[in-house]
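Topology and contacts: notes
As a plain string of letters, each chain reads:
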Amino acid sequence: MDHSMAGPRRILTVFGTRPEAIKLFPLVHALEADDRFEARVCVSAQHRGMLDQVLEITAITPHHDLDVMQPDQSLDALTARLVTGIGGVIDRERPDWVVVQGDTATAMTGALAAYYRKIPVAHVEAGLRSGNIHHPWPEEVNRKIIGSIAALHCAPTKTARAALLAENVDPAAVHVTGNTVIDALHWITAKLERQPDLASGLAELEQRFAGKRIIAVTSHRRENFGEGMQAIACAIRRLVARPEVAVIFPVHLNPHVRAVMESELAGIDNVALIEPLDYPHFARLLAIADLVLTDSGGVQEEAPALGKPVLVMRETTERPEGVEAGTAKLVGTDADRIVAEAGRLLDDREAYQGMARAHNPFGDGRSAQRICDLLWTRG
Ligand code: UD1
Ligand code: UDP
């Protein structure tokens, strides 16, 4: 196709949760700055508050906001609202491409609604696989569905590309672009250098915990609800029994997470249970943390880039690169194991130094530009 004859290509980027917004804002910014494209944005607002935190700091004003979030939403009702809502937006926009990211309900339904209209889908962060449909749940199936629909697969790493090829995806449609999370991290780091005040809200906690070893904790995985969350809370209680340790835990807004963490950890000295942090404050928290305990996907990618040892509270990971690089370790959700592994890093300087080295297996910060170029050349 002679691209010089075509008008700007209309790209509809669809997202709805915090991690999708963080990983897609670099692409939206790049599309907006590029004359080859008309950048259109649809947010589902599957996450209302945590999405708006990202939209605000990144100055993205969506063209469509479906506002689908309901308190304690079930997967089926959420999926139904999303597929019809996003479908209606695609009908109005008639884009050349629909772009989705990762493995959330918004990403899966965005891909499905585009497929129902025969509009090509570009999948950002394609090819992550744990090999277990129950871990992470329901994300492993969501991303496999997207993988079977997408016309362009932007794999963050070679491992992700290989996973797609093993599923017989057309090799010409799979490109290793790096993960846009690293673009996002570079952007926020540069912004904080210029405007450190954007993260000044942690100053009080930094003062309260001065001289302590800070452990940053996040947790939200559905498969950890119940027993897993209880075990994580129990591990935190045991870790902060050590007077030199403090935990800063921005608690996800999911009521299943909050109920457990508030009942198990509220009021304990050296545990700060706080509201979800906006991205500048979370970047600051990672910077001041000695160690990260998480079941998050994105945090597993950010911590290695910052040289922060990360203990992954999951049974499996679809992001083996952090483990291979030596900055991440899978510890599951057994309290004894979490306490033992964290204790080892706190007590054994050599073990700590062995993990606390910055690695960038997930990207070089130029993924968004590569994806833009692919949306042009592969269109
Ligand atoms: C979702 C994604 C998960 C992703 C995670 C990132 C699905 C099925 N799950 O899980 O893949 O890793 O986001 O955080 O797509 N809530 C609020 N305000 C918010 C956000 C959530 O009140 O800003 C509460 C609501 O009660 C909501 C509940 O959390 O119903 C669950 O939100 P939901 O998006 O369904 O699931 P997450 O566990 O957040
Ligand atoms: N994050 C944030 N504030 C917080 C906790 C996390 O901005 O209080 C960011 C973090 O930097 C990462 C993303 O949210 O980029 C991860 O989101 P989450 O853990 O909710 O989802 P997952 O990555 O597991 O899908």
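Here the structure is shown first, and the text comes after it.
For the structure given in this document, a descriptive report is provided here. (Residues numbered from 1 in each chain as written. Chains lettered and ligands numbered in written order. Predicted model: local features only at pLDDT ≥ 70, side-chain atom pairs only at ≥ 80, totals over all residues. Heavy atoms only, no water.)

Grouped together as the largest cluster of nonpolar side chains are 43 residues, with contacts concentrated most on Phe15, Leu27, Leu31, Val99 and Leu375. A per-element tally of this core places helix H1 (residues 18-32) first, with 8 residues. Once residues lying within four places of it in the same chain are set aside, the contact partners of Val99 are Ile11, Leu12, Thr13, Val14, Leu24, Leu27, Ala122, Val124 and Leu375. Within the second largest apolar cluster, 32 residues are counted, among which are Leu239, Val240, Val331 and Leu345. (Core = buried A, V, L, I, M, F, W, Y, C linked by side-chain atoms within 4.5 Å. Buried < 20%, exposed > 50% of the residue type's maximum accessible area, 1.4 Å probe, protein only. Helix = DSSP H or I, 4+ residues; strand = E, 2+ residues; numbered from the N terminus. Contact = heavy atoms within 4.5 Å.)

The next thing to look at is the site of ligand 1. With respect to spatial proximity, 25 residues lie near ligand 1, and among them His47, Gln70, Ala105, Glu139 and Arg222 are the closest. In the model, an oxygen atom of ligand 1 is placed 2.8 Å from a nitrogen or oxygen of the Gln46 side chain. Here an oxygen atom of ligand 1 and a side-chain polar atom of Arg222 are 2.7 Å apart. For ligand 1, whose free accessible area comes to 740 Å², the fraction covered by protein is 93%. Listed by contribution, the elements that provide at least two residues to the shell around ligand 1 are helix H2 (49-58) and helix H3 (75-93). The class makeup of the residues in the shell around ligand 1 is 10 nonpolar, 10 polar and 5 charged. (Near = heavy atom within 4 Å. Polar contact = N/O pair within 3.5 Å; in protein donor to acceptor, adjacent residues only side chain to side chain. Areas by Shrake-Rupley, 256 points an atom, 1.4 Å probe, with all protein chains shown as cover. Nonpolar A, V, L, I, M, F, W, Y, C, P; charged D, E, K, R; others polar.)

Moving on, we come to the pattern of salt bridges. Tallied over the full model, the rule gives 35 salt bridges. Close ionic contact of Glu244 with Arg242 constitutes a salt bridge, the shortest N to O distance being 2.8 Å. A salt bridge links Asp364 to Arg366; the nearest nitrogen and oxygen atoms lie 3.1 Å apart. In this structure, a network of salt bridges that share partners links the residues Lys23, Asp103, Glu125, Glu140, Arg143, Glu301, Arg314, Glu318 and Arg319. (Salt bridge = Lys/Arg side-chain N within 4 Å of Asp/Glu carboxyl O.)

Let us look at the layout of surface pockets. Taken as a whole, the second largest pocket encloses approximately 180 Å³ of empty space. Taken together, Leu185, Thr189, Leu192, Glu193, Pro196, Ala199, Ala283, Arg284, Ala287 and Leu306 make up the lining of the second largest pocket. Elements with a minimum of two residues in the lining of the second largest pocket: helix H7 (180-194) and helix H11 (279-288). Here the lining of the second largest pocket takes 4 residues from H7, the largest share from any one element. (1 Å grid on protein atoms, 1.4 Å probe; cavity = no way out; pocket = protein on both sides within 12 Å on 5 of 7 lines; lining within 4 Å. Points joined across faces, edges and corners; volume = space filled by probe spheres on them.)

The next point concerns the pairing of strand S4 (residues 97-101). Counted residue by residue, S4 has 5 buried out of 5 residues, so it is predominantly covered. What you see with S4 is no split at all: Trp97, Val99 and Gln101 on one side and Val98 and Val100 on the other are buried throughout. When strand S1 (residues 9-15) meets S4, the two strands line up parallel, connected through 3 bridges. Bridge pairing in S4 places Ile11 opposite Trp97. (Pairing = 2+ DSSP bridges.)

Keep in mind these numbers describe shape, not what the thing actually does.
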